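What follows is the residue order along each chain.
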Amino acid sequence: MARTPLRLISFNRNDFLSLLNGNHTAIERLLHIGDMRRDERWDIVIGNSVLKNMTSWQKDQLKSVMHPVSFESGDVLWSGKDAAIRAILLSSGIYSFYPGCDTTTHDLTTTPPTILTESTLIGNMTALLNQDENGANLSQETTLVCMESGNGWVVSKHDLSYFLENNPGVKLSLIDCHYAPPALEMHPFPEVHHVTMEM
C-alpha cells in the first residue's frame, strides 16, 4: 500500500530482457549483486558508520563493484609506499593499522598500532580519489597487517572513485579519511574504534 502519491513505470519480462540484450557487463553486474545478496557476510555493511546511511540503491551500486577476499594471519595487505589502488571493507578478523608507517623503513614491533575489526572500511580516500601531477597513483601512507585470519570485500580505485563521484554525500563523509570505523551500535565501546596497543 502506497503511503504517498506515486507514479510507476511497468514493463514486461521480454521488454526488460531486450534492454540487456548484448550488454554483458550489465548482466554480469546483476548476477554479481544477486550473489552478494545471498552472502550473509555482506550484511556487515550496515555496521559501518558511513555506509549504513546509504540507500538500498546505493548499497546495490557498491555491491556491484566489490568482491570477496580472504586474509591469513601475518599478511601485509599494504605498506606505506604502496600505491592506493584498492579499499577494503572488513567482515571478519583483526587487523593492525599503522598510520604513516612503511614496513621497509619502520620497525612495526615498536610502533603502537590501531586495531581495526569488522565493519571498518579502510583505504586512503584522498589517494584513491586523486593522482599526482604526472597521473601516477598516490600511496596508501599506512601499513595494514592481518593479525587474525578473516575476510573482507575489496573495491578497486577506479570503481570506488566512480561510485563516490556519483554519490557525493557518501564521498563527503569519507573525504580525507584513512578508515571509516564501525557504527557505535555495532561496537558501542569507544576503544574498539580507536584503540592502540603497545606491542
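Check the entry above for the structure.
All values reported here derive from a predicted model rather than from experimental measurement.

Student: Describe the side chain of Asn-124, with residues and values.
Tutor: Position of Asn-124 relative to the elements: it lies in the loop between strand 6 (121-122) and helix 4 (125-128). Among the polar contacts made by the side chain of Asn-124, one reaches the main-chain carbonyl oxygen of Ser-139 at a distance of 3.1 Å. Excluding anything up to four places from it in sequence, Asn-124 contacts Ser-139, Gln-140, Glu-141, Cys-177 and His-178.

Student: Account for the pairing of strand 4 (residues 94-99), with residues named and values stated.
Tutor: A regular strand places its side chains on the two faces of the sheet in alternate fashion. Where strand 4 meets strand 7 (residues 142-148), 6 bridges bridge the pair, whose relative direction is antiparallel. If you follow Ile-94 over to strand 7, its bridge partner there is Glu-148. Here 3 bridges tie strand 4 to strand 5 (residues 114-116), and the two strands are oriented antiparallel to one another. Following the sheet pairing, Ser-96 is matched in strand 5 by Ile-115.

Student: Account for the packing of aromatic side chains, with residues named and values stated.
Tutor: In the structure shown here, the tally under the stated rule is 2 aromatic pairs. For the pair Phe-71 and Tyr-95, a centre-to-centre distance of 6.0 Å together with 90° between the ring planes defines the contact as edge-to-face. With a gap of 24 residues between them, Phe-71 in strand 1 (residues 67-71) and Tyr-95 in strand 4 connect regions that are remote in the sequence. An identical accessibility class is assigned to Phe-71 and Tyr-95; each is buried. Ring centres 5.2 Å apart and planes at 75° place the aromatic pair Phe-97 and Tyr-179 in the edge-to-face group. Of this pair, Phe-97 sits in strand 4 while Tyr-179 sits in strand 9 (residues 179-180), and the two are 82 residues apart along the sequence.

Scoring rules and cut-offs
Residues numbered from 1 in each chain as written. Predicted model: local features only at pLDDT ≥ 70, side-chain atom pairs only at ≥ 80, totals over all residues. Heavy atoms only, no water. Helix = DSSP H or I, 4+ residues; strand = E, 2+ residues; numbered from the N terminus. Polar contact = N/O pair within 3.5 Å; in protein donor to acceptor, adjacent residues only side chain to side chain. Contact = heavy atoms within 4.5 Å. Pairing = 2+ DSSP bridges. Phe/Tyr/Trp six-rings, centres within 6.5 Å; stacked < 30°, edge-to-face > 60°. Buried < 20%, exposed > 50% of the residue type's maximum accessible area, 1.4 Å probe, protein only.

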